[in-house]
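Observations on chain architecture
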Amino acid sequence: MWFDFRVQVDGAVFLGETYNPIANGLEMRRTRIAFKAELPNNFEAELDMDFADGTADLKDAFLIYKATKNLDIKAGNFKERFSMENNTSSRWLTFMERPTAVGAIAPSRHIGLQFHYYRPYVIAVGGVHFQDVGDAEAVENRKNNYAEGQNEGYSFTGKLTFLPFYYDFEKGLHFGIAGSYRTPKTHDRVETVRFDSRSNININRKKYIDTDRINQVDNYTFANFELAGYYKNIKFATEYIMAQVNRLNDLPSENFGGFYVMSSVLLFGGNHLYNTYQGEFTQPINGKSWGDVELAMRYDYADFNSSFDGIMAGSGEGLTIGLNYYAPKNVKLILNYGYLNFD
């Protein structure tokens, strides 16, 4: 049994012309405590809580059964396997926040059952997922909907990842494709779905991308395409993510999407690392005894104005330049400059 403690403190200053005033500030972005255990008979377990907002927020709570050498079965509350950037732990993110389109569309943690098959060169993950554990408001909505006899929604999510250089330590390629079929959940209003995201920094509470609640929703689908790679101290990644909302009563479908492309380089001889079990980048190896410095750049674009004459939720783009210092152990300092433009 072991513990995972994580503290992340963020600060932000906003410059330039803005339509609405944006407050500068500091926040405890994450204060996490996790308990992890290896159990008898091929079982593993994890419980992960976040206390950053002054309230206990359940993150991971699951049990894993290692059925065979290549097959794991997971049950509990955890992230659906969909987007590489969204599934990457906040410990290993290159930038302070995930791209706008990923934050708005990619599914996060839900109660579910997942099958994870992995072997050299390929990872296949599929699962069925249900409610968002959520905050106090989500819990109250769910209770009220249950009292009205509303069934819980469900999701089927799957992903295939191909790794051509599985055994190569110094270089690697990642090809991923994911899809998800979903019905509205009971942690919000019945037959509704909402997509929203802040502008690449959590301190800014304004949501420039926001569909509000889309009513009369029958089901909605997600798709994601990924390409990533690394060679020694250089890495790159790009994803294209999209959502289609299918509505009742012959209302037109709504379509949203976006992408990002990013790259980074370790400046003092370090080596990027890729987790061939999870299908994502992890903690790099430092090039010097005092650590290493990473220079990174990312462009991301999101369009949540529907292709039909329907939802106009905004579109925008962001250019982010990052400078990261990796200490020898357990400490990371991040400086981001972002130029953001929303309609």
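Each value, and the rule that gives it
- Residues numbered from 1 in each chain as written.
- Predicted model: local features only at pLDDT ≥ 70, side-chain atom pairs only at ≥ 80, totals over all residues.
- Heavy atoms only, no water.
- Salt bridge = Lys/Arg side-chain N within 4 Å of Asp/Glu carboxyl O.
- Helix = DSSP H or I, 4+ residues; strand = E, 2+ residues; numbered from the N terminus.
- Buried < 20%, exposed > 50% of the residue type's maximum accessible area, 1.4 Å probe, protein only.
- Core = buried A, V, L, I, M, F, W, Y, C linked by side-chain atoms within 4.5 Å.
- Contact = heavy atoms within 4.5 Å.
- Expected span 1.5 Å × (residues − 1).
- Pairing = 2+ DSSP bridges.
- Phe/Tyr/Trp six-rings, centres within 6.5 Å; stacked < 30°, edge-to-face > 60°.
- Lys NZ or Arg CZ within 6 Å of the ring centre and 35° of its normal.
- Polar contact = N/O pair within 3.5 Å; in protein donor to acceptor, adjacent residues only side chain to side chain.

**Overview of the pattern of salt bridges**
All chains considered together, the criterion is met by 15 salt bridges. A salt bridge links Arg32 to Asp48, with the nearest nitrogen and oxygen atoms 3.0 Å apart. Here Arg32, found in strand E2 (residues 25–39), pairs with Asp48, found in strand E3 (residues 43–50); they are 16 residues apart in sequence, far enough to count as distant. Of the two residues examined, Arg32 and Asp48, each falls in the buried class. The partner of Arg182 in a salt bridge is Glu80, and the shortest N-O contact between them spans 2.8 Å. With a gap of 102 residues between them, Arg182 in strand E9 (residues 171–182) and Glu80 in the loop between strand E5 (71–79) and helix H1 (84–87) connect regions that are remote in the sequence.

**Quick word on the nonpolar core**
By size, the foremost hydrophobic cluster in this structure holds 37 residues, and its most contacted members are Ile105, Phe195, Ile214, Val245 and Phe304. For this core, the element with the highest residue contribution is strand E12 (residues 217–231), accounting for five residues. Every residue in contact with Ile214, bar those within four places of it in the chain, is listed here: Glu191, Thr192, Val193, Phe195, Val245, Arg247, Phe256 and Ile311.

**What to know about helix H3 (residues 136–147)**
For an α-helix the count is 3.6 residues per turn, leaving residues at separations of three or four pointing the same way. Its twelve residues place the ends of H3 17 Å apart at the C-alpha level, agreeing with the 16 Å of an ideal helix rising 1.5 Å per residue. A positive backbone phi angle near 85° is found at Gly149, which sits one or two residues after H3.

**Focus: unusual backbone geometry**
Most peptide bonds are trans, and most residues other than glycine sit at a negative phi. One non-glycine residue, Tyr121, lies in positive phi territory at about 80°. Mapped onto the elements, Tyr121 comes out in the loop between strand E6 (109–119) and strand E7 (122–129). Since its relative accessible area comes to 42%, Tyr121 is described here as partly exposed. Even without a glycine there, the phi angle at Asn330 is positive, about 70°. Summarising the element assignment, Asn330 is placed in the loop between strand E18 (312–326) and strand E19 (332–342). On the accessibility criterion, Asn330 (82% relative accessible area) is exposed.

**Details of the pairing of E7**
Covered by surrounding structure in E7 are Ile123, Val125, Gly127 and His129 only, the residues Val122, Ala124, Gly126 and Val128 on the alternate face being uncovered. Strand direction decides the pairing type here: E6 and E7, joined by eight bridges, are antiparallel. When the bridges of E7 are listed, Leu113 appears paired with Val128. Between E6 and E7, which pair antiparallel and follow one another directly, the connecting turn spans two residues, one of which, Tyr121, has a positive phi of 80°. Both E7 and strand E8 (residues 155–162) contribute to a ladder of eight bridges, which runs antiparallel. Paired with Val122 across the strands is Phe162, a residue of E8.

**Digging into the packing of aromatic side chains**
For the structure on display, the rule yields 22 aromatic pairs. Between Phe62 and Phe78, the ring centres sit 6.2 Å apart and the planes meet at 85°, which makes this aromatic pair edge-to-face. Here Phe62, found in strand E4 (residues 57–66), pairs with Phe78, found in strand E5; they are 16 residues apart in sequence, far enough to count as distant. Here Phe62 and Phe78 have matching classes, each one buried. Note on Tyr230 and Phe281: the rings are 6.0 Å apart at their centroids and 75° apart in plane angle, and the pair reads as edge-to-face. Separated by 51 residues along the polypeptide, Tyr230 in strand E12 and Phe281 in strand E16 (residues 280–285) bring together distant segments of the chain. Against the face of Phe62 rests Lys74, its NZ or CZ located 4.5 Å from the ring centre.

**Observations concerning the side chain of His116**
For His116, the location among the structural elements is in strand E6. Relative accessible area serves as the criterion here: at 3%, His116 is assigned to the buried category. A polar contact of 3.2 Å, which involves the side chain of His116, links it to the backbone oxygen of Tyr277.

**Brief notes about the environment of Arg194**
Examined against the element boundaries, Arg194 turns out to sit in the loop between E9 and strand E10 (196–197). On the accessibility criterion, Arg194 (33% relative accessible area) is partly exposed. Each C-alpha atom of the pair Arg194 and Ile214 lies 6.0 Å from the other, and the pair is 20 residues apart in sequence. When neighbours within four sequence positions are excluded, Arg194 is seen to be in contact with Asp210, Thr211, Asp212 and Arg213. Within the structure, Arg194 has its side chain in polar contact with the side chain of Asp196 (distance 3.3 Å).

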